[in-house]
Amino acid sequence: MKIKKGDNVIVITGKHKGATGKVSAFSGDRVRVDGVNKIKHHIKPKTKSEKGSIVEREAMLHVSNIMITSDGKRSRIGTKTVGDSRVRVAKKTGIELK
């Protein structure tokens, strides 16, 4: 997978189209993006003295629904060889990605 944790991405399809954020987690072919695709998660009380609660958190998005952004423009990802190592590069802008 070419997208990594910590990359800035933009959502390209679905009800959150146009939203941007940073990738915070992976699970197979799905990613969690900070501030995008929020859902309400109900938590049961663990003991009788505790109360249940509702927590809002981000749900996973499929990796095909996001693209990486560099300089505010969405771009595909390529690689180029620098010395003995390969570096990820944004194809539209040519900027090296971390």
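Overview of the structure. Counting restarts for each chain: residues are numbered from 1 in the order of the written sequence. Selection of residues for local features in this predicted model requires a pLDDT of at least 70, selection of side-chain atom pairs for listing and counting requires 80 or more, and totals for whole chains, interfaces and linings are taken over all residues. Excluding hydrogens and water, the side-chain values take into account all heavy atoms of the structure.

**With respect to the pairing of strand β1 (residues 8-11)**
Part 1: For two strands to be treated as a pair, DSSP must find at least two bridges joining them. The numbering of helices and of strands both runs from the N terminus, where a helix is a DSSP run of H or I of at least 4 residues and a strand a run of E of at least 2. Relative to strand β2 (residues 20-27), β1 is paired through three bridges, and the arrangement is antiparallel. Looking at the pairing, Val9 lines up with Gly21 of β2.
Part 2: Alignment of β1 against strand β7 (residues 66-70), held across three bridges, turns out to be antiparallel. Residue pairing for β7: Val11 is matched across the bridge by Ile66.

**Quick word on the pairing of strand β3 (residues 30-33)**
Part 1: By the alternation rule, side chains of β3 split into Val31 and Val33, which are all buried, and Arg30 and Arg32, of which none is buried.
Part 2: Two strands pair when backbone bridges link them, and β2 and β3 are joined in this way by four bridges, in the antiparallel orientation. Counted as the bridge partner of Ser27 is Arg30 from β3.
Part 3: As judged from the three bridges shared by β3 and strand β6 (residues 60-62), these two strands associate in the antiparallel manner. Bridge pairing in β6 links Val31 to Leu61. Per-residue accessibility, obtained with a 1.4 Å probe over protein chains only, is compared with the maximum for each type, and a residue is labelled buried under 20%, exposed over 50%, and partly exposed between these values.

**Brief notes about the pattern of salt bridges**
Part 1: Any Lys or Arg side-chain nitrogen located within 4 Å of an Asp or Glu carboxyl oxygen qualifies as a salt bridge. Summed over all chains, the structure comprises four salt bridges.
Part 2: In this structure, Arg88 engages Asp7 in a salt bridge whose closest nitrogen and oxygen atoms are separated by 3.0 Å. On the criterion of sequence distance, the pair formed by Arg88 in strand β10 (residues 85-90) and Asp7 in the segment before β1 is long-range, its members being 81 residues apart.
Part 3: Its relative accessible area of 11% is what places Arg88 among the buried residues.
Part 4: Across the salt bridge formed by Lys80 and Glu96, the nearest N and O atoms sit 3.9 Å from each other. Highlighted residues: Lys80 in strand β9 (residues 77-82) and Glu96 in the segment after β10, separated in sequence by 16 residues.
Part 5: For Lys80, a relative accessible area of 38% gives the class partly exposed.

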